Amino acid sequence: MITKALEEIRRGTAEIIDMEAIEKLVKRYYETGETYTVKAGFDPTGADLHLGHTVLLQKLKTFQAHGGRVQLLIGDFTATIGDPTGKSETRKVLDRATIMANAKTYQEQVFNVLEESKTTVVYNSKWLNELGAAGLLGLTTLFNVARMLERDDFEKRFKSGQSISISEFLYPLLQGYDSVELKSDIEIGGTDQKFNLLMGRHLQRAYAVGKEQAVLMMPILEGLDGVQKMSKSLNNYIGITESPKDIYGKTLSISDDLMWRYYELLSEKPLDEIAQLVEDVKNGTVHPKTAKENLALEITARFHNEELAKLAKEEFNSVFKANQIPTDMDDFDMEDGIWICQALVDAGLEPSTSQARRDIKQNAVSINQEKISDDKLNLGCGDYILQVGKRRFAKVKVK
RNA sequence: GGUGAGUUACUCAAGCGGCCAACGAGGGCGGAUUGUAAAUCCGCUGACUACGUCUUCGGAGGUUCGAAUCCUCCACUCACCA
């Protein structure tokens, strides 16, 4: 039982620091029933969670199944600084109101994956506001600039002469201090968080908390393009609140290479089963498309349910394979004689009439499944199905 | 505080008085091909019922028949010095 639990914990991780400590905690749980705490921080800088976040959530859930109590840390204070991670430029600072709004929607979505009864949500502004200037200065004496500059992106920016604000130096310190307050046993995060996660260990020792958190890092999930990390701002994400149709369709649009990555990090299939699948696809027993369909079904079902996932699949096949129209489209009522380009804009299929004209010229627009080429067309009374490209549809009623 | 360089469309990046709605690359979108995959080829990529008109090149003024291009002021970014 314990070995099995540890296997699951280890699955898909990029790096674990102090696996022995984790083993001890899990063992102790199974022997005495004593729980332990697992911390994970979220920056409420965007409003919606996407699959990239669920890689972490999924791992937290695994811990919950084996005696872990999750400390879900909402970095409402640190979000006002902006973690330098990732992009090599100073991040924009958000105002308090949007941060709080984001934090709220995060919480709602998190419990799609996590067990609420084994989760404590905490806000770091609670103690960081009280830390004060004196406390902050005390914190800064525990670390030095040379070591801070060891951090990968700081080093790069420093060498290439890009700006690093002092506040960014504080970010890792504050995140580490959270671990002091929470007395976390384990902290998990993405590989890009390594420096910050280790800071938690460092500070726990410095503040004599009596333990040093183990650190577990998950790989960063690539977005739909397969290159950059999944993020809302790059618009290469699958949001967990999206419709079954979208989740299914987006998953199917990823490349074959990326599919294996998603299998590894997102699927709940056992690893040996996935290895077998890779083999089958390689030797031609299983078509890659089939493998991808199954992945899409699994992911869709996780955030909705199996029935809806199957419906999404059928819908998808009828639309794209059989070239039929989708069943649910947005409806619009329009005035008699409306110009086709205007209709496309009003239906939200095109951003401007100029773009609509271009697409018509390029044979991208159909009415009732018939391609059109006249961009001066006016629509008389009747029902129409407008289509732009392969995937944008709308139902229009002209009176 | 001083000196110098810079700010161009989603991003990078040309243009340095008319040939500029602005080279090129990436991205995005569309077409062909396909498994709505990858790869490849081709086209499009400010707005406007549109062979014309309007608004764009950090912001505000000015010079000129004419400005992204020249001048003045302001804001911001970067580099070197203090």
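Residues numbered from 1 in each chain as written. Chains lettered and ligands numbered in written order. Predicted model: local features only at pLDDT ≥ 70, side-chain atom pairs only at ≥ 80, totals over all residues. Heavy atoms only, no water.

Comments concerning unusual backbone geometry
Argument step 1. Even without being a glycine, Lys 183 presents a positive backbone phi close to 50 degrees.
Argument step 2. Tracing the backbone through its elements, the reader meets Lys 183 in the loop between helix H8 (166-182) and strand E5 (186-190).
Argument step 3. Judged by its relative accessible area of 46%, Lys 183 is partly exposed.
Argument step 4. Positive phi values are uncommon outside glycine, yet Asn 368 reaches one of about 50 degrees.
Argument step 5. Examined against the element boundaries, Asn 368 turns out to sit in the loop between strand E9 (365-367) and strand E10 (370-371).
Argument step 6. Residue Asn 368 is classed as partly exposed on the basis of its relative accessible area, which comes to 36%. (Helix = DSSP H or I, 4+ residues; strand = E, 2+ residues; numbered from the N terminus. Buried < 20%, exposed > 50% of the residue type's maximum accessible area, 1.4 Å probe, protein only.)

Observations regarding the packing of aromatic side chains
Argument step 1. The final tally for this structure, using the stated rule, is seven aromatic pairs.
Argument step 2. Their ring planes at 85 degrees and their centres at 6.4 Å tell us that Tyr 36 and Phe 63 sit as a pair that is edge-to-face. Linking Tyr 36 in strand E2 (residues 36-42) with Phe 63 in helix H3 (residues 51-64), this pair joins segments that are 27 residues apart in sequence. Summarising the burial analysis for this pair, Tyr 36 and Phe 63 share the class buried.
Argument step 3. Sitting above the plane of the Tyr 237 ring, Lys 250 keeps its charged end 4.9 Å from the centroid. (Phe/Tyr/Trp six-rings, centres within 6.5 Å; stacked < 30°, edge-to-face > 60°. Lys NZ or Arg CZ within 6 Å of the ring centre and 35° of its normal.)

Some details on the pattern of salt bridges
Two side chains of opposite charge can pair, provided their charged atoms sit close to one another.
Argument step 1. Taken as a whole and assessed by the stated rule, the structure comprises 18 salt bridges.
Argument step 2. As a salt-bridge pair, Asp 256 and Lys 292 come within 3.0 Å of each other at their nearest N and O atoms. With a gap of 36 residues between them, Asp 256 in helix H11 (residues 256-266) and Lys 292 in helix H13 (residues 288-303) connect regions that are remote in the sequence.
Argument step 3. Each of Asp 18, Arg 201, Arg 205 and Glu 212 takes part in one network of salt bridges that share partners. (Salt bridge = Lys/Arg side-chain N within 4 Å of Asp/Glu carboxyl O.)

Quick notes on the pairing of strand E13 (residues 392-398)
Argument step 1. As paired elements, strand E7 (residues 331-334) and E13 share four bridges and run parallel to each other. Residue pairing across strands places Met 334 opposite Val 398, the latter belonging to E13.
Argument step 2. Of the strand pairs in this sheet, strand E12 (residues 382-388) and E13 are connected by seven bridges, and their pairing is antiparallel. In the strand pairing of E13, Gly 382 is matched with Val 398.
Argument step 3. Linkage of E12 to E13, two consecutive antiparallel strands, is achieved through a turn of three residues, within which Gly 389 is found at a positive phi near 65 degrees. (Pairing = 2+ DSSP bridges.)

Some remarks on the domain arrangement of chain A
Argument step 1. Per the domain assignment, the segments making up chain A are domain 1 (2-218), domain 2 (244-321) and domain 3 (331-398).
Argument step 2. In this structure, domain 1 and domain 2 have C-alpha centres spaced 31 Å apart.
Argument step 3. Across the contact, nine residues belong to domain 1 and 13 residues belong to domain 2.
Argument step 4. Carbon and sulfur atoms make up 61% of the surface buried where domain 1 meets domain 2, a total of about 880 Å² over both sides.
Argument step 5. Among the residues of domain 1 in contact with domain 2, Arg 11, Leu 51 and Gln 58 are the three that bury the most area, contributing 61% of the side total.
Argument step 6. Counting every contact that joins domain 1 to domain 2 gives zero salt bridges.
Argument step 7. Taken together, the links from domain 1 to domain 2 amount to three residue pairs in polar contact (both at pLDDT 80 or more).
Argument step 8. Of all the elements, H3 adds the most residues to the side of domain 1 that touches domain 2, at five residues. (Domains from an automatic or database assignment. Contact = heavy atoms within 4.5 Å. Buried area = accessible area lost by both parts, 1.4 Å probe. Polar contact = N/O pair within 3.5 Å; in protein donor to acceptor, adjacent residues only side chain to side chain.)

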